[in-house]
Amino acid sequence: MLAYRCCVALEETSSQPAVEWPLLEAQLNHSVTSESLFSTLVQPNSVHVFASQTAIKMFIKAIDSSELAQREKLPTVSVYVCGVGATTDQAVRSLSQLALPTRWNFPNLGPAELRENGLHWTLEKLEKDGLVPRNDFHLWTKALSTSDKILKELRSSRQWLNWQTYTHEIYNLSLTAKSIPHGLVIALTNKTPVCLGVKSAELLDATLAALLEHLKRSTVSELPRNIHFSVWEKSALQRAQQLFIQSRLIPWNEFESHVNTSAAQISGVTP
């Protein structure tokens, strides 16, 4: 089965570019200024959770574009930082390479194979480890994200009225002008089994819209049965259920195994 990662333009995996299909493009939210960003790094032992690899890269981009003098004025404090899954946990470690006096602590949330994806699981694990609600909390995510809703619901259900939480919508998403990958076009023409991996509901919607346009179909139910999907976030699973495509879903680990064997195959048909 041929597999493609449907991704945000800044989330491509450089080691396997042939298996990436960027459908959305991330842009830094201009409301996030250097001053507002640095103000989140002055509270000792604050907890920072990044909802995606794109959020991490946008954070780094905003830091790198700031004046060095601003960075040097920051106090030397320790903060806790992690992602919402094993992949983002690993990616967030790149923050330690920033030219900042901040000391980054990376909580050990368990082995990658046992690490569940999603903000809710991450928050519950941070609670068990005693990091929340004892410390101020900063969530870094995209605009109009469901992550903020998850954070507020947990805070309300636990009745943590004095817990200071902040949601930073550090980037916006828009459709890219990039065309469908040539290898995928051939697979769709030949009715080769394909699986498209998406992490969020927004990516799933963008993927389905692109497929419908390319195949000149009107509804998702009309898509050929050789097209399968794999979802990562809970929002993507819920969206898949709303669209009645559960029968097309395969587990994420199975999808990743197909990705690992697809790069050479895709490269072989790319002009």
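Definitions and cut-offs
- Residues numbered from 1 in each chain as written.
- Predicted model: local features only at pLDDT ≥ 70, side-chain atom pairs only at ≥ 80, totals over all residues.
- Heavy atoms only, no water.
- Helix = DSSP H or I, 4+ residues; strand = E, 2+ residues; numbered from the N terminus.
- Rg over C-alpha atoms; globule rule 2.2 N^0.38 Å.
- Contact = heavy atoms within 4.5 Å.
- Areas by Shrake-Rupley, 256 points an atom, 1.4 Å probe, with all protein chains shown as cover.
- Lys, Arg positive; Asp, Glu negative; His and termini not counted.
- Charge placed at Lys NZ, Arg CZ, Asp CG, Glu CD.
- Salt bridge = Lys/Arg side-chain N within 4 Å of Asp/Glu carboxyl O.
- Buried < 20%, exposed > 50% of the residue type's maximum accessible area, 1.4 Å probe, protein only.

Scanning the protein chain from terminus to terminus reveals 10 helices and nine strands. Computed over the C-alpha atoms, the radius of gyration of the protein chain is 20 Å, within 12% of the 18 Å expected from 2.2 N^0.38 for a compact globule of 271 residues. Along the three orthogonal principal directions, the C-alpha set of the protein chain runs to about 60 × 40 × 35 Å. In the protein chain, the proportion of contacts linking residues at least 24 apart, taken out of those at least 6 apart, comes to 74%. About 13400 Å² of surface is accessible on the protein chain, with carbon and sulfur atoms providing 51% of the total. With 25 positive and 25 negative side-chain charges, the protein chain shows a spacing of 3 Å between the two charge centroids.

On to the pattern of salt bridges. Taken as a whole, this structure holds 10 salt bridges when the rule is applied. Lys152 is the salt-bridge partner of Asp148, the closest N and O atoms lying 3.1 Å from each other. Separated by four residues within a single helix, Asp148 and Lys152 lie in helix H6 (residues 147–158), roughly one turn from each other. On the basis of relative accessibility, which here comes to 19%, the residue Asp148 falls in the buried class. Residue classification places Lys152 among the exposed positions, given a relative accessible area of 54%. Where Asp205 meets Arg239, a salt bridge forms, and the shortest distance between an N and an O atom there is 2.8 Å. Here Asp205, found in helix H8 (residues 201–215), pairs with Arg239, found in helix H9 (residues 234–242); they are 34 residues apart in sequence, far enough to count as distant. Residue classification places Arg239 among the partly exposed residues on the basis of a relative accessible area of 25%. Shared partners join several salt bridges into a network, and the residues in it are Arg5, Glu20 and Glu256.

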